[in-house]
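# Understanding the architecture of this molecule
In case you want the letters, here they are:
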Amino acid sequence: MASLRATAAAAARRPSRLPPPLRRATSTTAASSSPPRRRQRSTARADAGRHRRRHPSGATAQQRRSASAYGFGQQWTGALSRGPSRLSLEEAPELTPEEIAHFGECQCQSLVPLLGPGEEEGDEEDGGAGSESKARGGRRRRKCVGAAAGWGHTALLTVDDDEGGGDGAPRLEVCGRPHDFQALMRLRRLPPFVRDFCVRRTLPEDDDDDASGRGGGDRPPSMLQRIASYFAGENENEATLKEAKCRRYSNVPRLIEVALPDGEVPAVEGEALSEAARSRHGEEGAGGGPLLHSRFQTTLAASAGVTAVVSSTGTLYTFGLNHRGQCGSGSFSPNVWTPGRVAGLASSRFIMDRGGDAAMGSGGEKKGEKSSEAFREQEHPVVSVALGLQHGVALDAAGQVFCWGKGERGQLGQGRKPAAGKEAAYEEELENRTFDRALRACNFHDPSATAAPSPEDAYAPLLSPDDARVRLISAGMNFSAAVTESNLPYVWGKNVSLNPHYSASGINVRSKPTMDSPYPRYVPGLPAGVRIERVACGTHHAAMLLEDGSAWAVGVATDRPVPLWGEAVEILAPGLVDARELVSFTAGFDRTSIVFGGSGGGGGRRQAIEVQLWSTEDLRQRGAVWPSWMDWLEGRGGGRERVRSVHRGWMHSIVVTQED
């Protein structure tokens, strides 16, 4: 995993600048040791709009306004949906620090529209996925209402905008390599001309319809395909040549629609839970009380060959790689080719009341024998989902958190904090295992407990059931994060705790400065009494946005591998971002993107900034930057398009916009 971290850090570097009112002549990169300075808080806030109606997810009434999806980065993965003939081109490569330093203010990061199903590769109409395009059924207005960027693929939620002004049902579209990770890693290391040969020859050998995911795809692979697959490592990968019918889903150069089972449609962030969701999965929370969440939060997630989507009924579906149980399907298999439900999204009482009679684990889940049908039922609607490298996290409307997939480093949060003095005897049967189904993570210890534990107490006291209900979740590469209803942040997983036995003097050279945490560990350091509005995780950091507009983070520093897991540090001071004007708060790899301002009927200016977790206080105080692609976006179409959200993958990024 050390090589993965180095690759992720290197891939995350891109030049950036301060917003026009904040811009300085000096450019900087993500890995620079001296980011540009911010101006004074009072001036920085001048362009932000005033009050607007919002809900906890940050979505607004303008959610379904016309929106498009753009991208930049490497095209050979297909994640920019530019079609088969453009896989070897670089139409919008990510700018290097040297290019920004050389060209200065006149150079900005360009974007390309993602081509949707039925669009011609030569069609350069503005907007791409989310624009007016010529489809098989005539002309239609397509809008992007959600996005996620994985390691080698992109997932979008789109709707048809009818001429009468209404919106069609949302649908899920994917492009790139949604079932691939190992071959993706291997292809990236190949020389470009060899990689181009491999990518082209492993496309479905059929007509253009098949390249779009609609052909037969049943013909046996050609000799050139076999040679290319050998070099790409796909004979050893999950997307094998033996699965001819599904081969078209492993290399998708243009967006294709992926249908959910039983005619279901995806939910959109910010929408209220429907009556269908409440009736299908239950209208009451723990103890018969009301549900904690009434709106959907994050309904789409993508990672290393895995995609997760929440339907309008609150049902969670996943598809992709599954050899580590990443899909949570209830069984281990190389791939889950079509969306399937996640098993185990229920409390132990719910399972037992419906006939689950097997022994229950520490999180309230079965172990040992094969899951029963009762175990596959979902207790409450899922309102948010996040994906790590090989594990997943889900939050239901009752405030319960569930994790599944690879758990050898504590990613599933199945442990429990030991009582003081009992650390040496601490051992849990379930804490570090991989599971093909969801387990409930519920052991949130009480950081304010003052009573000394009795000699019989092996564990630290837990929060009350009401306080332990979870409001927000996210996932990093090998860790998870959550914020409770009582406004307490927790993290668990790989290397998220400081090692108390480590000495920087080098006396104990065999120990590491960090250690795994198999239980949810409280994160101290945040200002008291300030509400956490959002949480978002990159590969090695967790960022939190507070109601005063400040951002705080824990994790590994961007500029050098300094672990900053002990307590949260401020990465953005109050004043630059008005949390009341928040549009989106996302994180990808080493940076956090914040979009704010310009809400309502064109009032105010829409702004986007990026912040990172730097190793020193001085760098963190000067670390807010304006992404270069904002200049490109503001310089086209008379400024009609505004950025709505930013999603950063491994070798590409997706920018979703909306029109005034």
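See above for the structure.
Presented here is an overview of the structure given in this document.

## What about the overall build of the protein chain?
- Looking only at helices and strands, the protein chain features twelve helices and 30 strands.
- Looking at the protein chain as a whole, 60% of its 660 residues qualify as buried.
- Taking the contacts inside the protein chain whose residues are at least 6 apart along the sequence as the reference set, 63% of them involve residues at least 24 apart.
- Of the roughly 24,900 Å² that the protein chain leaves accessible, carbon and sulfur atoms contribute 50%.

## Comments concerning the pattern of salt bridges
- Enumeration over the complete set of coordinates arrives at 18 salt bridges.
- Here D436 and R437 are joined by a salt bridge, their closest N and O atoms 3.1 Å apart.
- A relative accessible area of 8% places D436 in the buried class.
- The exposure class of R437 is buried, given its relative accessible area of 10%.
- Taking the shortest distance from any N to any O, the salt bridge between R591 and D590 comes out at 3.0 Å. Note on accessibility: R591 and D590 belong to one class, buried.

## Here's the deal with unusual backbone geometry
- Its identity as a non-glycine residue notwithstanding, D262 has a phi of 60°, on the positive side.
- Within the fold, D262 resides in the loop between β8 (252-258) and α8 (275-281).
- Residue D262 is classed as exposed on the basis of its relative accessible area, which comes to 72%.
- Residue N487 is not a glycine yet carries a positive backbone phi of 70°.
- Note that N487 resides in the loop between β18 (479-484) and β19 (489-498).

## Focus: the sheet that holds strand β22 (residues 541-546)
- One open sheet accounts for four strands, arranged β21-β22-β23-β24; its pairing is antiparallel. Whereas interior strands pair on both sides, the edge strands pair on one side only; in this sheet they are β21 (532-537) and β24 (563-572). On average, each strand axis in the sheet is tilted by 20° relative to the strand beside it, whichever way the strands run.
- Pairing of strand β23 (residues 551-556) with β24, which is carried by five bridges, proceeds in the antiparallel orientation. Opposite A553, over in β24, you have V569 as the bridge partner.

## Some thoughts on the pairing of strand β15 (residues 401-405)
- Burial within β15 is extensive, with five of its five residues counted as buried.
- Here β15 shows no split at all, with V401, C403 and G405 on one side and F402 and W404 on the other all buried.
- Bridge count for strand β14 (residues 391-396) against β15 is five bridges, and the pairing is antiparallel. Bridge pairing links H391 to G405 in β15.
- Between β14 and β15, which pair antiparallel in sequence order, lie four residues; one of them, G399, sits at a positive phi of approximately 90°.
- Where β15 lies against strand β16 (residues 435-440), three bridges are found, and the strand directions are antiparallel. Note that in β16 the partner of C403 across the bridge is L439.

## What about the packing of aromatic side chains?
- A full pass over the atoms with the stated rule returns eight aromatic pairs.
- A centroid spacing of 5.3 Å and a plane angle of 80° characterise the contact between F479 and W565, whose relative ring orientation is edge-to-face. Linking F479 in strand β18 with W565 in strand β24, this pair joins segments that are 86 residues apart in sequence.
- Take W565: its relative accessible area is 2%, and that puts it in the buried class.
- Within the aromatic cluster, the residues linked to one another by ring pairs are W151, F181, F589 and W650.

Reading the values: rules and limits
Residues numbered from 1 in each chain as written. Predicted model: local features only at pLDDT ≥ 70, side-chain atom pairs only at ≥ 80, totals over all residues. Heavy atoms only, no water. Helix = DSSP H or I, 4+ residues; strand = E, 2+ residues; numbered from the N terminus. Buried < 20%, exposed > 50% of the residue type's maximum accessible area, 1.4 Å probe, protein only. Contact = heavy atoms within 4.5 Å. Areas by Shrake-Rupley, 256 points an atom, 1.4 Å probe, with all protein chains shown as cover. Salt bridge = Lys/Arg side-chain N within 4 Å of Asp/Glu carboxyl O. Pairing = 2+ DSSP bridges. Axes fitted to C-alpha atoms, helices over the stretch in contact; angles between N-to-C directions. Phe/Tyr/Trp six-rings, centres within 6.5 Å; stacked < 30°, edge-to-face > 60°.

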